[in-house]
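Descriptive analysis of the structure
What follows is the residue order along each chain.
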Amino acid sequence: MKILIDNGHGVNTAGKKSPDKQLLEYKYNREIAIKLVAELKAKGYDAERIVTEETDISLGERCRRVNAICNKIGTANVILISVHVNAAGSGGVWRSAGGWCAYTTRGVTKSDAIATKLYEAAKVSLAAYAEALEAGKKTGLYDSKQRPFRTDYQDGDADQEADFYIIKNTKCPAVLTENLFMDNKTDMAFLLSEAGRKAIVDLHVNGIINYIKSVK
């Protein structure tokens, strides 16, 4: 199985940063993607990033790179994970949203099984974060509607669904992860901590490996 990792956005993408500019999404996505690929390779898996440039590569070009690999080795032998950080709004304002989620395209697809394994892994790797979010609702760090794992079970599984270009226009099964909220102070602090970085990397590594083992 060829594991392709997409680190979203680029240094020239407008916005996409925490209100205090401590977290730049393009940079954070790349840090996580680099560590994720390194850990997968260390465990004997074939993984690579599809965007190694610092600048923002168009979604069309990202899909072209993925699909070229699919055409070469077969769509059934490729999966794609696109790594992002969420935001509740724009305008440089701190907000009260939080939580982790994964997106697939609409309907029942082969991507759903990957997302399910990522959710299972997230509940383990982000267990301490989940407890902190629930506690934070009592002190105003998060509003009462927030939950640590943002899900949509309308079609029977946990993943959220949307027609994001990168997962809709690639030939292989593809999932886009939104790793907490850069415009929530508590989420941002966790993401930038060593424990937070490790948790985000671990959930991706374990989710991907568990998926590959499940389809062998």
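Residues numbered from 1 in each chain as written. Predicted model: local features only at pLDDT ≥ 70, side-chain atom pairs only at ≥ 80, totals over all residues. Heavy atoms only, no water.

**Details of the overall build of the protein**
The secondary structure content of the protein amounts to 7 helices and 6 strands. Computed over the C-alpha atoms, the radius of gyration of the protein is 16 Å, within 12% of the 17 Å expected from 2.2 N^0.38 for a compact globule of 216 residues. Viewed in the frame of its principal axes, the protein has a C-alpha envelope of about 50 × 35 × 35 Å. Counting the 216 residues in the protein, one finds 51% classified as buried. Restricting to contacts in the protein with at least 6 residues of sequence separation, those with at least 24 account for 78%. Across the protein, the mean location of the 31 positive side-chain charges is 2 Å away from that of the 27 negative side-chain charges. (Helix = DSSP H or I, 4+ residues; strand = E, 2+ residues; numbered from the N terminus. Rg over C-alpha atoms; globule rule 2.2 N^0.38 Å. Buried < 20%, exposed > 50% of the residue type's maximum accessible area, 1.4 Å probe, protein only. Contact = heavy atoms within 4.5 Å. Lys, Arg positive; Asp, Glu negative; His and termini not counted. Charge placed at Lys NZ, Arg CZ, Asp CG, Glu CD.)

**Regarding the packing of aromatic side chains**
One pass over the structure, following the stated rule, counts 3 aromatic pairs. Arranged with centres 4.9 Å apart and planes meeting at 70 degrees, the rings of Tyr 103 and Phe 164 form a pair that is edge-to-face. Taken together, the positions of Tyr 103 in strand 4 (residues 100–104) and Phe 164 in the loop between strand 5 (160–161) and helix 5 (165–168) put the pair 61 residues apart, joining distant regions of the chain. Judged by relative accessible area, Phe 164 falls into the partly exposed class, the value being 30%. Each ring, one from Tyr 129 and one from Phe 190, has its centre 5.5 Å from the other, and the planes form 35 degrees; the classification is tilted. Placement of the pair is Tyr 129 in helix 4 (residues 127–139) and Phe 190 in helix 6 (residues 185–192), with a sequence separation of 61 residues. (Phe/Tyr/Trp six-rings, centres within 6.5 Å; stacked < 30°, edge-to-face > 60°.)

**Examining helix 2 (residues 59–73)**
End to end, helix 2 covers 22 Å across 15 residues, agreeing with the expected 21 Å (1.5 Å per residue, within 8%). All of the buried residues along helix 2 are Arg 62, Cys 63, Val 66, Asn 67, Ile 69 and Cys 70. Looking straight down helix 2, one finds that the buried residues subtend no more than 155 degrees of arc, so they occupy a single side. Those residues of helix 2 that are exposed and aimed more than 90 degrees away from the buried face are Asn 71 and Lys 72. Here the buried face of helix 2 lies against strand 1 (2–7), helix 1 (25–42), strand 2 (46–49), strand 3 (78–86) and helix 5. Once helix 2 ends, the next one or two residues include Gly 74, with phi positive near 100 degrees. (Expected span 1.5 Å × (residues − 1). Arc of directions from axis to C-beta.)

**Concerning the pattern of salt bridges**
In total, this model carries 15 salt bridges according to the counting rule given. The partner of Asp 183 in a salt bridge is Arg 95, with the nearest N and O atoms 3.9 Å apart. Placement of Asp 183 in the loop between strand 6 (174–181) and helix 6 and of Arg 95 in the loop between strand 3 and strand 4 is noted, with a sequence separation of 88 residues between them. Looking at Asp 183, the relative accessible area reads 3%, which means it is buried. A relative accessible area of 33% places Arg 95 in the partly exposed class. Across the salt bridge formed by Glu 194 and Arg 197, the nearest N and O atoms sit 3.8 Å from each other. Taken together, the residues Glu 194 and Arg 197, both in helix 7 (residues 194–215) and 3 residues apart, mark about one turn of the helix. Classification of Glu 194 as exposed rests on a relative accessible area of 59%. (Salt bridge = Lys/Arg side-chain N within 4 Å of Asp/Glu carboxyl O.)

**Here we look at the environment of Asp 159**
Relative to the helices and strands, Asp 159 is located in the loop between helix 4 and strand 5. Relative accessible area serves as the criterion here: at 1%, Asp 159 is assigned to the buried category. A polar atom in the side chain of Asp 159 sits 2.8 Å from the side chain of Thr 104. (Polar contact = N/O pair within 3.5 Å; in protein donor to acceptor, adjacent residues only side chain to side chain.)

**A closer look at the packing of helix 3 (residues 111–125) against helix 7**
For the pair helix 3 and helix 7, interaxial distance at closest approach is 8 Å and the crossing angle is 135 degrees. The pairing of helix 3 with helix 7 is recorded here as oblique in orientation. The handedness of the crossing between helix 3 and helix 7 is right-handed. Here Ala 113, Ile 114, Lys 117, Leu 118, Ala 121, Ala 122 and Ser 125 of helix 3 come into contact with helix 7, specifically with Ala 199, Asp 202, Leu 203, His 204, Asn 206, Gly 207, Ile 208, Asn 210, Tyr 211 and Ser 214. Among the residues forming the contact of helix 3 with helix 7, the class breakdown is 9 nonpolar, 6 polar and 2 charged. (Axes fitted to C-alpha atoms, helices over the stretch in contact; angles between N-to-C directions. Parallel < 35°, antiparallel > 145°, perpendicular 65-115°, else oblique. Left-handed = near helix turned anticlockwise from the far one by under 90°. Nonpolar A, V, L, I, M, F, W, Y, C, P; charged D, E, K, R; others polar.)

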